[in-house]
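Spelled out from the first residue to the last, the chains are:
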Amino acid sequence: MNNKSPEVLLSEEEIQARVLELAAKISADYEDADDLVMVGVLKGSFIFLADLSRRLSIPRTIEFIAVSSYGNGSVSSGAVRLVMDVRGNIEGKHVLIVEDIVDTGHTLKYLIGMMKSHRPASVKTAALVRKAESAEVDVTIDYLGFDIGDEWVVGYGLDFAEQNRTLPYIGFIKPTDA
Ligand code: 5GP
């Protein structure tokens, strides 16, 4: 990859406005629920989780989990492996899984099952972006930021070979620039 900046797909302003909307909806939905635990999926969700959690008007705690990804490539194997589980006790609590991106849906489906094994009061899901055309499994995203096409995106937590995670926008590398 050369030093050219990725092309903007979702601008910083668009993302921040959408995060605010999602936070308002989550705050309203969980208004009467004690013990909301936001579970961020490392590494890609760290910025989305940070922004989303700080926009909520309700009490919440934060946990992280890590799953194996595609390595440094960009092709889904469909196989998901847990690398790090939550540290706190989430039994009886309301879990909101916070994902960066849903592609085939295998990861999120696996994570929902994983979280349910901890016997929480409920499990819901939030994802900033979804590649709608790439879905291979049926999985519900309760709070979705944006639908995008099938290109590999970077920024706002998302990487390509660990690069570009801290861009404030979501962009893609043009094939001619790669
Ligand atoms: P799924 O299991 O839904 O196919 O894949 C989800 C995971 O694949 C995401 O958590 C992310 O790690 C990775 N992924 C899928 N598409 C992209 C993409 O366009 N950019 C980046 N950076 N990661 C992606």
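Residues numbered from 1 in each chain as written. Predicted model: local features only at pLDDT ≥ 70, side-chain atom pairs only at ≥ 80, totals over all residues. Heavy atoms only, no water.

Draft legend 1. Representation of the overall build of the chain within the structure. A count of helical and extended segments in the chain gives three helices and nine strands. Going from N to C terminus, the chain has its helices and strands arranged as β-α-β-α-β-β-β-α-β-β-β-β. Counting only C-alpha atoms and orienting by the principal axes, one finds that the chain spans roughly 50 × 35 × 25 Å. The proportion of buried residues among the 178 residues of the chain is 43%. Contacts in the chain between residues at least 24 apart in sequence constitute 66% of all its contacts with a sequence separation of at least 6. For the chain, the exposed area adds up to about 9100 Å²; of that, 48% sits on carbon and sulfur atoms. (Helix = DSSP H or I, 4+ residues; strand = E, 2+ residues; numbered from the N terminus. Buried < 20%, exposed > 50% of the residue type's maximum accessible area, 1.4 Å probe, protein only. Contact = heavy atoms within 4.5 Å. Areas by Shrake-Rupley, 256 points an atom, 1.4 Å probe, with all protein chains shown as cover.)

Draft legend 2. Structural view of unusual backbone geometry. Each neighbour pair has its own omega, and for L42 with K43 the value is -5 degrees, a cis peptide bond. For K43, the location among the structural elements is in the loop between β2 (36-42) and α2 (46-55). One non-glycine residue, A161, adopts positive backbone phi at about 50 degrees. Position of A161 among the secondary structure elements: in the loop between β8 (153-154) and β9 (170-172). The residue N164 is not glycine, and still its phi comes out positive at about 75 degrees. Summarising the element assignment, N164 is placed in the loop between β8 and β9. Residue classification places N164 among the partly exposed residues on the basis of a relative accessible area of 22%.

Draft legend 3. View of the packing of helix α1 (residues 12-29) against α2. Between α1 and α2, the least distance of the axes is 8 Å, while the angle of their chain directions is 50 degrees. As judged from the angle between their axes, α1 and α2 are oblique. Where α1 crosses over α2, the two elements pack in a sense that is right-handed. Packed against α1, whose contacting residues are Q16, V19, L20, L22, A23 and I26, the element α2 presents F48, D51, L52 and R55 at the interface. Of the residues in the contact of α1 with α2, the class split is seven nonpolar, one polar and two charged. (Axes fitted to C-alpha atoms, helices over the stretch in contact; angles between N-to-C directions. Parallel < 35°, antiparallel > 145°, perpendicular 65-115°, else oblique. Left-handed = near helix turned anticlockwise from the far one by under 90°. Nonpolar A, V, L, I, M, F, W, Y, C, P; charged D, E, K, R; others polar.)

Draft legend 4. Spatial organisation of the nonpolar core. Of all hydrophobic cores here, the largest spans 28 residues; its most connected members are L96, L128 and I170. Those elements that place two or more of their residues in this core are α1, β2, α2, β5 (94-102), β6 (122-131) and β7 (143-148). Looking at this core element by element, the count peaks at five residues for α1. V41, V67, V102 and M114 belong to the second-largest nonpolar core, a separate cluster that totals 19 residues. (Core = buried A, V, L, I, M, F, W, Y, C linked by side-chain atoms within 4.5 Å.)

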